[in-house]
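Close look at the chain arrangement
Chain residues, written in single-letter form:
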Amino acid sequence: MTDTESDLLARIHMHGVVPRHVAIIMDGNGRWARERHMPRPFGHRSGMKAVRAVVEGCLEAGVKWLSLFAFSQENWQRPETEVSALMSLLEEFIAREASDLAAQGVCVHVHGDLDRLSPAAAAAVHRIRHETAHGARLGLNLFISYGGRAELVRAARLLAEDVQRGHLAPDAIDEQAFRSRLFTAGCPDPDLLIRTSGEQRLSNFLLWQIAYAELYISSVLWPDFDRAALYEALCDFQRRDRRFGNVST
Ligand code: IPE
Ligand code: IPE
Ligand code: MG
């Protein structure tokens, strides 16, 4: 850990309030590669070390849940060469990191329309879920082939099926019933949503869950996002006044 990182971490611990759940839209790999006159997959590969950095940063800071947007439903529209490079990187990431993540107490959950994955990518997903199932320090949600609207539609369909089977009365459909049909059932909502690369949009990420998340836009491109950048975001979060519609205390 560098001096800057340990200073920031000390500040975070001194303040004491740490977001329970941090969600990140990892953006800017393509621009990072372009700045270096390299093909886009070079940026995606470089982004893997930033994933390692934020996982370690969350473990050190005491964050309990980390959600990473790795590949959106809309990203399937990208050129086939880029999609296959991203899928190979996913497989490589899992092959390389699964045992370390398990040893560090990280439990990996993977959410999205996984039916669209190749057999090799699906096997990798199965493997990391299985190998890290007992992790109790940090829940790591990886969103792959994920779209927020599709997740909401799926929840509505699950509710309708339960009503049709007579397991649920329409009157019993409340926020809790809806929430329990989301991929993230059982996981607290994100307190902090970070988007890198300066873009100021949600791009269909966690539409239900971020209702009251604090937003933090970082201009850093994802491959350059490191532990210090994460800690800066946590310090910024500690300065927020979260009112939830109420008045300040
Ligand atoms: C984020 O980086 C990674 C994915 C969306 C898979 P981008 O590939 O979107 O990079 P930019 O936004 O083009 O720079
Ligand atoms: C959002 O980034 C998806 C991920 C980070 C996986 P995009 O780069 O795909 O989003 P847009 O196109 O800028 O909205
Ligand atoms: Mg992008």
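Each chain carries its own residue numbering, running from 1 in the direction its sequence is written. Throughout, the order in which chains and ligands are written sets their labels, letters from A for the former and numbers from 1 for the latter. Local features in a predicted model are, by the rule used here, given only for residues with pLDDT of at least 70; side-chain atom pairs are given and counted only at 80 or more, and totals for whole chains, interfaces and linings are based on all residues. Processing note: side-chain calculations cover all non-hydrogen atoms of the structure and skip hydrogens and water entirely.

**Points about the overall build of the protein chain**
- When helices and strands are tallied, the protein chain shows eight helices and six strands.
- Along its sequence from the N terminus, the protein chain presents helices and strands in the succession α-β-α-α-β-α-β-α-β-α-α-β-β-α.
- The globule rule puts the C-alpha radius of gyration for 249 residues at 18 Å, and the 19 Å found for the protein chain is close to it.
- Over its C-alpha atoms, taken along the principal directions, the protein chain stretches across nearly 60 × 55 × 35 Å.
- A 1.4 Å probe rolled over the protein chains alone gives each residue an accessible area, and that area as a share of the maximum for its type sets the label: buried under 20%, exposed over 50%, partly exposed in between. Burial statistics for the protein chain: of 249 residues in total, 50% are counted as buried.
- Residue contacts follow a heavy-atom distance rule, with two residues in contact if any of their heavy atoms lie within 4.5 Å. Partitioning the contacts of the protein chain with sequence separation of at least 6, the portion at a separation of at least 24 is 78%.
- The accessible surface values rely on the Shrake-Rupley method and a 1.4 Å probe; as for residues, cover is taken only from the protein chains in view. A total of about 12,600 Å² of accessible surface is found on the protein chain, and carbon and sulfur atoms cover 52% of it. The helix count covers DSSP runs of H or I at least four residues long, the strand count covers runs of E at least two residues long, and both are numbered beginning at the N terminus. Only the C-alpha atoms count toward the radius of gyration. The rule for a globule is 2.2 Å times the residue count to the power 0.38.

**Here we look at the packing of helix H3 (residues 40–61) against helix H4 (residues 80–103)**
- The axes are straight lines fitted to the C-alpha atoms, using for helices just the contacting stretch, and the angles between their N-to-C directions are given from 0 to 180°. It is at 10 Å that the axes of H3 and H4 come closest, and there the two elements cross at 25 degrees. Comparing their axes, H4 and H3 come out roughly parallel. H3 and H4 meet at a crossing whose hand is right-handed. Of H4, the residues touching H3 (which contributes Arg40, Pro41, His44, Arg45, Met48, Val51, Arg52 and Val55) are Glu82, Ala85, Leu86, Leu89, Glu92, Phe93, Arg96, Glu97, Asp100 and Leu101. The scheme is simple: roughly parallel for angles under 35 degrees, roughly antiparallel for over 145, roughly perpendicular for 65 to 115, oblique for anything else. The hand of a helix crossing depends on one turn: near helix anticlockwise from the far one by less than a right angle means left-handed, and clockwise means right-handed.

**Looking at the site of ligand 2**
- Surrounding ligand 2, one finds Ile25, Met26, Asp27, Phe69, Ala70, Phe71, Ser72, Asn75, Arg78, Arg195, Arg201 and Ser203.
- With respect to ligand 2, the side chain of Arg195 contributes an N or O atom lying 3.3 Å from an oxygen atom.
- Between ligand 2 and Ser203, the relevant distance is 2.6 Å, taken from an oxygen atom to a side-chain nitrogen or oxygen of the residue.
- Sort the elements by how many residues they give to the shell around ligand 2 and strand E2 (residues 65–72) lands first, with four residues.
- Classification used: nonpolar for Ala, Val, Leu, Ile, Met, Phe, Trp, Tyr, Cys and Pro, charged for Asp, Glu, Lys and Arg, polar for all others including Gly. A class-by-class count of the residues in the shell around ligand 2 yields five nonpolar, three polar and four charged. To be near a molecule or strand, a residue needs just one of its heavy atoms within 4 Å of it. Under the rule applied, a polar contact is a pair of N or O atoms within 3.5 Å (in protein, one hydrogen donor and one hydrogen acceptor; residues adjacent in sequence only if both atoms are side-chain atoms).

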